[in-house]
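Descriptive analysis of the structure
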Amino acid sequence: MNARPTIAVLNGPNLALLGRREPHLYGTATLADIERSCRRTADGPGFDIDFRQTNHEGTLVDQIHELRDSAVGFVINAAAYTHTSVALHDALATVTAPIVEVHLTNVHAREAFRHRSFVAPVAKAVIAGCGPEGYTFAVRHLIALATDTEETAP
Ligand code: CA2
């Protein structure tokens, strides 16, 4: 039996604290809740989710290398590394599958240092400010791109 196509969902530093700290900013859903929603969204259409979180920049780069030839799409919330990491940008630039950058909060309405993204120039789409739903929007979009069943052109 063929393996189901996989969408990688990568999460950067401190996102493991979701739902446990700063709920006024990041809400009450935990990262495990978000993982479950992504799996629920992907399961019906026949996709697998490879869901990961790391606090380490090099590990994030390693995960991209590991998944770049197998994943049919990437959802990435690189958290603070979004705004700082040339290494992350360079790793994502080697990926041919579509990438959707996700942020729980509207980074453009926050501090100026959050307005710059090293991910956005290599992303197909950017979703910010939709909370946890942003992840499921991203998964849905990647499934649409992979199955070509919807009008996905910008
Ligand atoms: O809005 C987002 O999703 C961010 O990627 C979250 C990052 C922040 O650095 C980005 O500018 C925007 C921070 C993630 C930290 O997550 C926490 C969750 C709960 C409590 C404390 C931190």
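See the structure above.
Analysis parameters
Residues numbered from 1 in each chain as written. Predicted model: local features only at pLDDT ≥ 70, side-chain atom pairs only at ≥ 80, totals over all residues. Heavy atoms only, no water. Pairing = 2+ DSSP bridges. Helix = DSSP H or I, 4+ residues; strand = E, 2+ residues; numbered from the N terminus. Axes fitted to C-alpha atoms, helices over the stretch in contact; angles between N-to-C directions. Expected span 1.5 Å × (residues − 1). Buried < 20%, exposed > 50% of the residue type's maximum accessible area, 1.4 Å probe, protein only. Arc of directions from axis to C-beta. Contact = heavy atoms within 4.5 Å. Near = heavy atom within 4 Å. Polar contact = N/O pair within 3.5 Å; in protein donor to acceptor, adjacent residues only side chain to side chain. Areas by Shrake-Rupley, 256 points an atom, 1.4 Å probe, with all protein chains shown as cover. Parallel < 35°, antiparallel > 145°, perpendicular 65-115°, else oblique. Nonpolar A, V, L, I, M, F, W, Y, C, P; charged D, E, K, R; others polar. Core = buried A, V, L, I, M, F, W, Y, C linked by side-chain atoms within 4.5 Å. Left-handed = near helix turned anticlockwise from the far one by under 90°.

Think of a sheet as strands paired side by side through backbone hydrogen bonds, with each pair either parallel or antiparallel. In space, the 5 strands of this open sheet follow the order 2-1-3-4-5, with parallel pairing throughout. At either margin of the open sheet sits one strand with a lone partner, and together these are strand 2 (48-53) and strand 5 (125-128). Pairs of neighbouring strands in the sheet enclose a mean axial angle of 20°, with direction left out of account. When strand 3 (residues 71-77) meets strand 4 (residues 99-103), the two strands line up parallel, connected through 3 bridges. By the bridge assignment, Phe74 is partnered in strand 4 with Ile99.

Spanning 13 residues, helix 2 (residues 31-43) covers 18 Å between terminal C-alpha atoms, matching the ideal 18 Å at 1.5 Å per step. Listed as buried for helix 2 are Leu31, Ile34, Cys38, Thr41 and Ala42. Seen along its axis, helix 2 keeps its buried residues to an arc of 95°; they face one direction. The inward-facing, buried residues of helix 2 abut strand 1 (6-11), strand 2 and helix 5 (133-147).

Attention now goes to the site of the ligand. Surrounding the ligand, one finds 17 residues, the nearest of these being Asn77, His83, Leu104, Thr105 and Arg114. Between an oxygen atom of the ligand and a side-chain N or O atom of His103, the distance comes to 2.9 Å. Between the ligand and the protein, one listed contact pairs an oxygen atom with a side-chain N or O atom of Arg114 at 2.8 Å. When isolated, the ligand has an accessible area of 510 Å², and the protein chains bury 94% of it.

Here we take up the packing of helix 3 (residues 57-67) against helix 4 (residues 86-93). When two helices pack together, you describe them by how their axes are tilted relative to each other and by the distance separating the axes. At a closest axis distance of 9 Å, the pairing of helix 3 and helix 4 adopts a crossing angle of 0°. Here helix 3 is positioned roughly parallel relative to helix 4, judged by the angle of their axes. Side by side, helix 3 and helix 4 meet where Glu57, Leu60, Val61, Ile64 and His65 of the first sit next to Ala87, Leu88, Ala91 and Leu92 of the second. Considering only residue class, the contact of helix 3 with helix 4 consists of 7 nonpolar, 1 polar and 1 charged.

Along the chain, the position of His83 falls in the loop between strand 3 and helix 4. Of the polar contacts made by the side chain of His83, one reaches the backbone oxygen of Arg114; its length is 3.4 Å.

Next up on the list: the nonpolar core. One finds Ile7, Val75 and Tyr135 to be the most contacted residues of the largest nonpolar core, which totals 22 residues. Of all the elements in the fold, those that place two or more residues in this core are strand 1, helix 2, strand 2, strand 4 and helix 5. For this core, the leading source of residues is helix 5, giving 5 residues. Excluding residues within four positions of it along the chain, Val75 makes contact with Ile7, Ala8, Val9, Leu10, Val100, Val102, Tyr135, Ala138, Val139 and Leu142. Membership of the second largest hydrophobic core comes to 18 residues, among which are Val61, Leu67, Ala78 and Ile99.

The interhelical angle for the contact between helix 2 and helix 5, taken along N-to-C directions, is 25°, at an axis separation of 9 Å. One finds that helix 2 runs roughly parallel with respect to helix 5. Helix-helix and strand crossings are classified by hand; for helix 2 and helix 5 the assignment is right-handed. The residues of helix 5 that touch helix 2, namely those facing Ile34, Ser37, Cys38, Thr41 and Ala42, are Tyr135, Thr136, Val139, Arg140 and Ile143. Split by residue class, the contact of helix 2 with helix 5 holds 6 nonpolar, 3 polar and 1 charged.

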